[in-house]
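Reading the structure
These are the residues of each chain, in order.
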Amino acid sequence: MAVFVALGAFLMTLAGGWTAQRVTDRRHLVLGLAGGLMLGVVGLDLLPEALHAADREVFGVPAALLLFVAGFLLAHLVERTLAARQAAHGGAEHNHRAPEVGLTAAAAMVGHSAMDGVAIGAAFQVGGGMGASVALAVIAHDFADGFNTFTLTSLYGNARRRAIGMLVADACAPLLGALSTVFVHIPEPVLGGYLGLFGGVLLYLAAAEILPEAHHEHPARSTLLCTVAGAAFIWLVVGVSGG
């Protein structure tokens, strides 16, 4: 059952990526929506789950929040390092962005999708009701994952075939994650720490890259509305799935 549900996540991820590439003539709206989706996923989905799973504190601060900040700083460091390395070798950047950053960000999305599959498998091991709730949440937000994976890869100047390749990998990841639960069990504190770290990376990409780019050439009200709509969509998904 878990693998069957993960197949639904596979199809939803592809649908999200297909939507992103079909509206390239409205690039600013796509980026605005992607930024809102990423903001919603971080603030309304990843962080609450991370704080619940990793409840340990370090010097009075939840470990998940420390890893969240570490993820933000790590994403900034990786981007600056790759950009500086490319500039030092005389490589032309795409709008001052290193394509490797886009691939790294997309790879992080793939890893997150694999963890979604793990969550589905683990939930079905607990019980059918828990499995159905988690499956609903995963399938609904995998549309956003596919959308963001294709958008992130393309934003940094990677060829369309690379973006599609990362999209396919992101779609397959939940299937592999669900299958892995037959053999591997991930402790809840470790999962919580991972969610915190990934949330920091995702917030950096949304706040420092996606949203500024969306409003750079088209500071239109419609772009802002797309951002709000993206965050509201994740709120709806979290509410319908029971958090």
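The rules behind the values
- Residues numbered from 1 in each chain as written.
- Predicted model: local features only at pLDDT ≥ 70, side-chain atom pairs only at ≥ 80, totals over all residues.
- Heavy atoms only, no water.
- Helix = DSSP H or I, 4+ residues; strand = E, 2+ residues; numbered from the N terminus.
- Contact = heavy atoms within 4.5 Å.
- Axes fitted to C-alpha atoms, helices over the stretch in contact; angles between N-to-C directions.
- Left-handed = near helix turned anticlockwise from the far one by under 90°.
- Nonpolar A, V, L, I, M, F, W, Y, C, P; charged D, E, K, R; others polar.
- Patch = residues over 30% accessible without salt bridge, like charges linked within 9 Å, V, L, I, M, F, W, Y side chains within 5 Å.
- Areas by Shrake-Rupley, 256 points an atom, 1.4 Å probe, with all protein chains shown as cover.
- Salt bridge = Lys/Arg side-chain N within 4 Å of Asp/Glu carboxyl O.
- Buried < 20%, exposed > 50% of the residue type's maximum accessible area, 1.4 Å probe, protein only.
- Lys, Arg positive; Asp, Glu negative; His and termini not counted.
- Charge placed at Lys NZ, Arg CZ, Asp CG, Glu CD.
- Expected span 1.5 Å × (residues − 1).
- Bend = angle between axes of the 7 residues up to and from the residue.
- Core = buried A, V, L, I, M, F, W, Y, C linked by side-chain atoms within 4.5 Å.
- pLDDT = per-residue confidence, 0-100.
- Parallel < 35°, antiparallel > 145°, perpendicular 65-115°, else oblique.
- Arc of directions from axis to C-beta.
- Polar contact = N/O pair within 3.5 Å; in protein donor to acceptor, adjacent residues only side chain to side chain.

**Concerning the overall build of the protein chain**
Along its length, the protein chain carries 8 helices and 2 strands. When the helices and strands of the protein chain are listed from N to C terminus, the series reads α-α-β-β-α-α-α-α-α-α. Counting only contacts in the protein chain whose residues sit at least 6 apart along the sequence, the fraction spanning at least 24 positions is 82%.

**A few points about the packing of helix H2 (residues 27–53) against helix H8 (residues 221–240)**
Where H2 contacts H8, the two axes come as close as 7 Å, and the packing angle between them is 35°. For the crossing formed where H2 meets H8, the hand is right-handed. Residues His28, Leu29, Gly32, Leu33, Gly36, Leu37, Gly40, Val41, Leu44 and Asp45 of H2 touch H8, and the partners they reach there are Ser222, Thr223, Cys226, Thr227, Ala229, Gly230, Ala231, Phe233, Ile234, Trp235 and Val238. When grouped by side-chain class, the residues that make up the contact of H2 with H8 number 12 nonpolar, 8 polar and 1 charged.

**Thoughts on a nonpolar patch on the surface**
On the surface, Leu51, Val61, Leu65 and Leu66 cluster together into a nonpolar patch covering about 260 Å² of accessible area. Relative to the elements of secondary structure, Leu66 occurs in helix H3 (residues 63–88). Judged by its relative accessible area of 38%, Leu66 falls in the partly exposed class.

**A look at a negative patch on the surface**
Residues Glu49, Asp55, Glu57 and Glu188 make up a contiguous surface patch of negative charge. Position of Asp55 relative to the elements: it lies in the loop between H2 and strand E1 (57–58).

**Thoughts on the environment of Met115**
Along the chain, Met115 turns up in helix H4 (residues 99–126). The spacing of Met115 and Leu176 is 61 residues in sequence and 9.3 Å in space, taken between C-alpha atoms.

**Brief notes about H2**
Relative to the 39 Å expected for 27 residues at 1.5 Å per residue, H2 spans 37 Å between its end C-alpha atoms, a close match to the ideal helical length. By the largest-angle criterion, Val42 marks the main kink of H2, which is about 35°.

**Remarks on the nonpolar core**
Counting residues in each nonpolar core, the largest one holds 36 residues, and the members touching the most others are Met38, Leu152, Leu202, Leu205 and Ile210. Listed by contribution, the elements that provide at least two residues to this core are H2, H3, H4, helix H5 (128–155), helix H7 (188–216) and H8. Sort the elements by how many residues they give to this core and H2 lands first, with 10 residues. With near-sequence residues (within four places) excluded, Ile210 lies in contact with Leu31, Ala34, Gly35, Met38, Leu152, Leu155 and Leu205. Counting residues in each nonpolar core, the second largest holds 5 residues, with Ala6, Phe10, Ala171 and Ala178 among its members.

**Things to note about the confidence of the model for the protein chain**
Mean pLDDT over the protein chain stands at 78; residues scoring 70 or higher make up 80%. H5 is the least confidently modelled element of the protein chain, averaging 71 in pLDDT, while strand E2 (residues 61–62) averages 92, the highest of any element.

**Thoughts on the packing of H2 against H7**
Running from N to C, H2 and H7 cross one another at 160°; their axes reach a closest spacing of 8 Å. As judged from the angle between their axes, H2 and H7 are roughly antiparallel. Where H2 crosses over H7, the two elements pack in a sense that is left-handed. In terms of residue class, the contact of H2 with H7 is made up of 19 nonpolar, 7 polar and 4 charged.

**Some thoughts on H8**
Between its first and last C-alpha atoms H8 spans 28 Å; for 20 residues at 1.5 Å apiece the expected length is 28 Å, and the two agree. Those residues of H8 that fall on the buried side of the exposure criterion are Thr223, Thr227, Gly230, Ile234, Val237 and Val238. Down the axis of H8, the smallest arc covering the buried residues is 105°, so these residues share one side. When the buried face of H8 is taken as reference, the exposed residues oriented beyond 90 degrees from it are Arg221, Leu225, Trp235, Leu236, Gly239 and Val240.

**Examining the side chain of Thr149**
Turning to its location among the elements, Thr149 is positioned in helix H5. Of the residues examined, Thr149 reaches a relative accessible area of 0% and is grouped as buried. One polar contact links Thr149 to Asp170, side chain to side chain, over a distance of 3.2 Å. Apart from residues no more than four positions distant in its own chain, Thr149 is found in contact with Ala106, Met109, Met166, Leu167 and Asp170.

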